[in-house]
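Overview (structure and organization)
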Amino acid sequence: MKYVALVYYQEQIINAMSEQEWHDLNQECIAGVERLSASGHYLAGQPLQPTETATTVRVRDGETLISDGPFAETKEQLAGFYLLEAHDLNEALQLASRIPPARLGSIEVRPVRELPLKHSKTVIGEQP
């Protein structure tokens, strides 16, 4: 089963890091991805640019509204994601606990919801 692990931390903590601390954290993340890949649990993932680069799009009553910044002000900001393959939620949680930025913030783990095929009740990835 697929799970997404959303990485959150306070950008101010990251901004206060020395160049060496930031480099070391990134190297830890790279090593973690290599371990997850070697064990067949890593499917995809990407870090995100800081929230100051975000643009939010909303459509209300047919009108597109665009605003600078993230969707909502929060204590922790979304920093990236890992798409994981795990047998169950317990395994996904164990894998997420090894993501290095968990020490700085939190990792939200959620199962991926498969969409049905167009004009069908069969779900993508299910056996007919």
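No experiment lies behind these values; they were computed from the predicted model shown.

This paragraph deals with the pairing of strand β3 (residues 55-60). Note that β3 and strand β4 (residues 63-68) share six bridges and pair antiparallel. Bridge assignment links V57 to a residue of β4, and that residue is I66. Where β3 folds back on β4, the antiparallel hairpin that results is connected by two residues, among which D61 adopts a positive phi of roughly 50°.

Scanning the model with the defined rule gives one aromatic pair in all. A centroid spacing of 6.2 Å and a plane angle of 80° characterise the contact between Y42 and Y82, whose relative ring orientation is edge-to-face. With Y42 in strand β2 (residues 42-47) and Y82 in strand β5 (residues 77-85), this residue pair connects regions lying 40 residues apart in the sequence. A relative accessible area of 22% means that Y42 is categorised as partly exposed.

Overall, antiparallel pairing links the four strands, which are arranged β2-β5-β1-β6 in an open sheet. The sheet is open, and its two edges are formed by β2 and β6 (105-111), each paired on a single side. Geometrically, the sheet is characterised by an average inter-axis angle of 20° between neighbouring strands, direction not taken into account. Across five bridges, β2 lies against β5 in antiparallel orientation. What sits directly across from Y42, in β5, is L84. Running at roughly 155° to β6, helix α3 (residues 89-97) makes contact with β1 (2-9), β5 and β6 of the sheet.

Below, the discussion takes up the pattern of salt bridges. Applying the stated criterion to the full structure yields two salt bridges. We note a salt bridge from E28 to R103, for which the minimum N-O separation is 3.0 Å. With a gap of 75 residues between them, E28 in helix α2 (residues 19-38) and R103 in the loop between α3 and β6 connect regions that are remote in the sequence. The class of E28 is partly exposed, set by a relative accessible area of 35%. Note on R103: relative accessible area 57%, which makes it exposed. Close ionic contact of E108 with R110 constitutes a salt bridge, the shortest N to O distance being 3.5 Å.

So, on to the side chain of E11. Checked against the element boundaries, E11 lands in helix α1 (residues 11-15). Of the side chains bearing the opposite charge, K75 lies closest to the buried E11, which forms no salt bridge; the N-O distance is 15 Å. A distance of 2.7 Å separates a polar atom in the side chain of E11 from the backbone nitrogen of T51. Contacts of E11, omitting those with residues within four sequence positions, involve P50, T51 and Q77.

Rules used throughout
Residues numbered from 1 in each chain as written. Predicted model: local features only at pLDDT ≥ 70, side-chain atom pairs only at ≥ 80, totals over all residues. Heavy atoms only, no water. Pairing = 2+ DSSP bridges. Helix = DSSP H or I, 4+ residues; strand = E, 2+ residues; numbered from the N terminus. Phe/Tyr/Trp six-rings, centres within 6.5 Å; stacked < 30°, edge-to-face > 60°. Buried < 20%, exposed > 50% of the residue type's maximum accessible area, 1.4 Å probe, protein only. Axes fitted to C-alpha atoms, helices over the stretch in contact; angles between N-to-C directions. Contact = heavy atoms within 4.5 Å. Salt bridge = Lys/Arg side-chain N within 4 Å of Asp/Glu carboxyl O. Lys, Arg positive; Asp, Glu negative; His and termini not counted. Polar contact = N/O pair within 3.5 Å; in protein donor to acceptor, adjacent residues only side chain to side chain.

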